[in-house]
Amino acid sequence: MELALLYSGGKDSTLAALLLDSFYDVTLVTGWFGVTDDWRHAREAAETLGYGFERVELDRSVAQEAVDRMQSDGFPRHGIQQVHTHALERVAELNVTAIADGTRRDDRVPTVSRAQAQSLEDRHDVDYLSPLSGFGRRAIDRLVERRLEVESGPSAEVKKADYESELRELLTERHGRSAVEAVFPDHTQTRVRGLKE
């Protein structure tokens, strides 16, 4: 069975791939707005891990609406949720049996409600899987420590293929550099470098 996993190159989506690998033919898929070339970080991670990789083009107007919302709200939550929902819709359009993401139990954003998952499944005739939905931060960190070689650091410095890098760039273009600092809180980002021996 073919599965498309929405992939950033970070620890959560990589763990999701490893968990699903026993049951599905997993292809890692990165959404791209055409703003930066950060999608290549996900491709590099996928190649290192031995997974197939695809890039799907996302609607840039969705990203523009999202950054305007972020700037208006003063925080990224609703904008990132809007982008994640759009990315899942695009991935669900691929010719696969199932789609998945790396959302986990403790995530505040993005999240996928039961109703959203059922709607995706019904409208696109796919299964939606969230293999990390029962895992908390501590459990994730233990699994990562055991299995993955990871680079971590401030989100502005550790480049990967999540939505944040392109949204930061668009936010700068539309509202100035100070808007990025006001909207995005300091947080740690991870990028997978490979599997531990």
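Residues numbered from 1 in each chain as written. Predicted model: local features only at pLDDT ≥ 70, side-chain atom pairs only at ≥ 80, totals over all residues. Heavy atoms only, no water.

An unreviewed UniProt entry lists the protein chain under the name Alpha hydrolase, from Salinigranum rubrum.

Asks: It is not clear to me how the side chain of Arg168 should be interpreted in this structure. Could you clarify?
Replies: With respect to the helices, strands and loops of the structure, Arg168 is situated in helix H7 (residues 163–175). Given the relative accessible area of 13%, Arg168 is considered buried. In contact with Arg168, other than residues within four places in its own chain, are Ser155, Ala156, Arg177, Val180, Phe184 and His187. (Helix = DSSP H or I, 4+ residues; strand = E, 2+ residues; numbered from the N terminus. Buried < 20%, exposed > 50% of the residue type's maximum accessible area, 1.4 Å probe, protein only. Contact = heavy atoms within 4.5 Å.)

Asks: Where do I start with the packing of aromatic side chains in this structure?
Replies: Pairs of aromatic rings are described using the distance from one ring centre to the other and the angle between the two planes. By the definition in use, this model includes one aromatic pair. Between Trp39 and Phe53, the ring centres sit 6.4 Å apart and the planes meet at 15 degrees, which makes this aromatic pair stacked. Residue Trp39 is found in helix H2 (residues 39–49), and its partner Phe53 is found in strand E3 (residues 52–57); the two are separated by 14 residues along the sequence. Between the NZ or CZ atom of Arg55 and the centre of the ring of Trp32, over which it lies, the distance is 3.8 Å. Cation over ring: Arg55 sits above Trp39, and NZ or CZ is 4.4 Å from the ring centre. (Phe/Tyr/Trp six-rings, centres within 6.5 Å; stacked < 30°, edge-to-face > 60°. Lys NZ or Arg CZ within 6 Å of the ring centre and 35° of its normal.)

Asks: Where do I start with the pattern of salt bridges in this structure?
Replies: Where charged atoms from two side chains of opposite charge approach closely, those side chains can pair. Per the counting criterion, the structure on display carries 16 salt bridges. Its salt-bridge partner being Glu89, residue Arg123 comes within 2.4 Å of it at the nearest N-O pair. With Arg123 in helix H5 (residues 114–124) and Glu89 in helix H4 (residues 77–92), this pair connects stretches of sequence that are 34 residues apart. Owing to a relative accessible area of 48%, Arg123 belongs among the partly exposed residues under this scheme. As a salt-bridge pair, Arg104 and Asp107 come within 3.0 Å of each other at their nearest N and O atoms. Note on Asp107: relative accessible area 18%, which makes it buried. Overlapping salt bridges bring together Asp37, Arg40, Glu44 and Arg191 as one network. (Salt bridge = Lys/Arg side-chain N within 4 Å of Asp/Glu carboxyl O.)

Asks: It is not clear to me how the nonpolar core should be interpreted in this structure. Could you clarify?
Replies: Generally speaking, soluble globular proteins have nonpolar side chains that are buried together. Within the largest apolar cluster, 32 residues are counted, with the highest numbers of intra-cluster contacts made by Ile99, Leu167 and Phe184. Counting residues per element, the ones that place at least two in this core are strand E1 (2–6), helix H3 (60–73), H4, H5, H7 and helix H8 (177–183). At six residues, the largest contribution of residues to this core is made by H4. Excluding its chain neighbours within four sequence positions, the residues that come into contact with Leu167 are Ala63, Ala66, Val67, Met70, Ile80, Val83 and Phe184. (Core = buried A, V, L, I, M, F, W, Y, C linked by side-chain atoms within 4.5 Å.)

Asks: Explain unusual backbone geometry to me, please; I cannot follow it from the model alone.
Replies: Residues other than glycine predominantly adopt negative phi, and peptide bonds predominantly adopt the trans conformation. A cis amide bond links Val109 to the next residue, Pro110, at an omega of -10 degrees. Tracing the sequence through the fold places Pro110 in the loop between strand E4 (98–100) and H5. Located in the positive-phi region is Asp125, a residue other than glycine, with phi close to 55 degrees. One can find Asp125 in the loop between H5 and strand E5 (127–129). A relative accessible area of 68% means that Asp125 is categorised as exposed.

Asks: I keep staring at the side chain of Thr30 and nothing clicks. Help me out?
Replies: Note that Thr30 resides in strand E2 (residues 25–32). Taking the relative accessible area as the measure of exposure, Thr30 reaches 1% and is therefore buried. Aside from chain neighbours lying at most four places away, what touches Thr30 is Tyr7, Trp39, Ala42, Phe53, Glu54, Arg55, Val56 and Ala161.

Asks: Help me out: how do you make sense of the sheet that holds E5 in this one?
Replies: Remark on secondary structure: sheet strands pair via backbone hydrogen bonds, oriented parallel or antiparallel. With respect to topology, five strands assemble into an open sheet ordered E3-E2-E1-E4-E5, the strand pairing being parallel. Looking at the sheet topology across the chains shown, the edges are occupied by E3 and E5. Direction aside, the axes of adjacent strands within the sheet are offset by 30 degrees on average. In this structure, E1 lies alongside E2, joined through five bridges in parallel fashion. Bridge assignment links Leu3 to a residue of E2, and that residue is Val26. In this fold helix H1 (residues 11–20) packs onto E1, E2, E4 and E5, with an angle of close to 165 degrees to the strand it touches most, E1. Contacts between H4 and the sheet are confined to E1, E2, E3, E4 and E5, with E1 contributing the most and set at about 160 degrees to the helix. (Pairing = 2+ DSSP bridges. Axes fitted to C-alpha atoms, helices over the stretch in contact; angles between N-to-C directions.)

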